[in-house]
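Coordinate analysis (summary)
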Amino acid sequence: LYPPLMVLLGICGQIIVGQFVPIEPVLAVGWQLAGILLVGVGGLSLWLISRSFAKAETTILPDGAPSILLQSGLFAYSRNPIYVCMALILIGSGLLSGHIWSLGFVVLFVVGVDWMWISKEEQNLEAEFGQEYRDYKQRVRRWL
């Protein structure tokens, strides 16, 4: 279950909550507008990150074999900026739904991606880049 599919499933869950939970939306319109901004920021950032992978000629796939350890741009602030951006998109879409309960899908995504992907990725990166990756882990936080 690749992370983009996890995000898509989360958004589908949020839509279902927004349509079928028999309560009025509990978030004010201002929060819904903030959701648009977060989806936009997350989407634009993902696009920029994907360009940096292409420019470095390395794989963006979480189970791929990387040829370079990206440490600049958003990777200077988070070891997992792609997942941070995906979480931003889910937060934004949850706010857009107007239901506070839809934000639960953000928690499910973060826990799920951490459990399913991040640990494996970190093992692969450490095996591939050794001390360079361990030094990077010391300087840069996993999420934010």
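Because the structure is predicted, anything quoted here is derived from the model rather than measured.

The next subject is the confidence of the model for the protein chain. On average, the protein chain scores 95 in pLDDT, and the residues at 70 or more come to 100%. Mean pLDDT per element in the protein chain: helix α1 (residues 3-20) is the minimum at 94, and helix α5 (residues 131-139) is the maximum at 98.

Here we come to the environment of His 99. Mapped onto the elements of the fold, His 99 is located in the loop between α3 (81-97) and α4 (104-129). Each C-alpha atom, one on His 99 and one on Pro 62, is 31 Å from the other, the two residues being 37 residues apart in sequence.

Moving on to the side chain of Asn 80. Tracing the chain through its elements places Asn 80 in the loop between α2 (29-56) and α3. Among the residues examined, Asn 80 registers a relative accessible area of 7% and is labelled buried. A polar contact is formed between the side chain of Asn 80 and the backbone oxygen of Arg 142, at a distance of 2.9 Å. Not counting residues up to four positions away in its chain, the partners in contact with Asn 80 are Ile 118, Glu 121 and Arg 142.

The full count for this structure, using the stated rule, is 3 aromatic pairs. Between Tyr 2 and Trp 117, the aromatic rings sit 5.4 Å apart at their centres with planes inclined by 10°, giving stacked as the arrangement. Placement of Tyr 2 in the segment before α1 and of Trp 117 in helix α4 is noted, with a sequence separation of 115 residues between them. Of the residues examined, Trp 117 reaches a relative accessible area of 8% and is grouped as buried. Geometrically, the ring pair formed by Tyr 133 and Tyr 136 is tilted, given 6.1 Å between the ring centres and 50° between the ring planes.

This brings us to the packing of α1 against α3. At a minimum axis separation of 10 Å, α1 and α3 run at an interaxial angle of 10°. Taken together, α1 and α3 sit at an angle that is classed as roughly parallel. Touching Pro 3, Pro 4, Val 7, Gly 10, Ile 11 and Gln 14 of α1 are Tyr 83, Met 86, Ile 89, Leu 90, Ser 93, Gly 94 and Ser 97, all from α3. Residue classes in the contact of α1 with α3 are distributed as 8 nonpolar, 5 polar and no charged.

Criteria and cut-off values
- Residues numbered from 1 in each chain as written.
- Predicted model: local features only at pLDDT ≥ 70, side-chain atom pairs only at ≥ 80, totals over all residues.
- Heavy atoms only, no water.
- pLDDT = per-residue confidence, 0-100.
- Helix = DSSP H or I, 4+ residues; strand = E, 2+ residues; numbered from the N terminus.
- Buried < 20%, exposed > 50% of the residue type's maximum accessible area, 1.4 Å probe, protein only.
- Polar contact = N/O pair within 3.5 Å; in protein donor to acceptor, adjacent residues only side chain to side chain.
- Contact = heavy atoms within 4.5 Å.
- Phe/Tyr/Trp six-rings, centres within 6.5 Å; stacked < 30°, edge-to-face > 60°.
- Axes fitted to C-alpha atoms, helices over the stretch in contact; angles between N-to-C directions.
- Parallel < 35°, antiparallel > 145°, perpendicular 65-115°, else oblique.
- Nonpolar A, V, L, I, M, F, W, Y, C, P; charged D, E, K, R; others polar.

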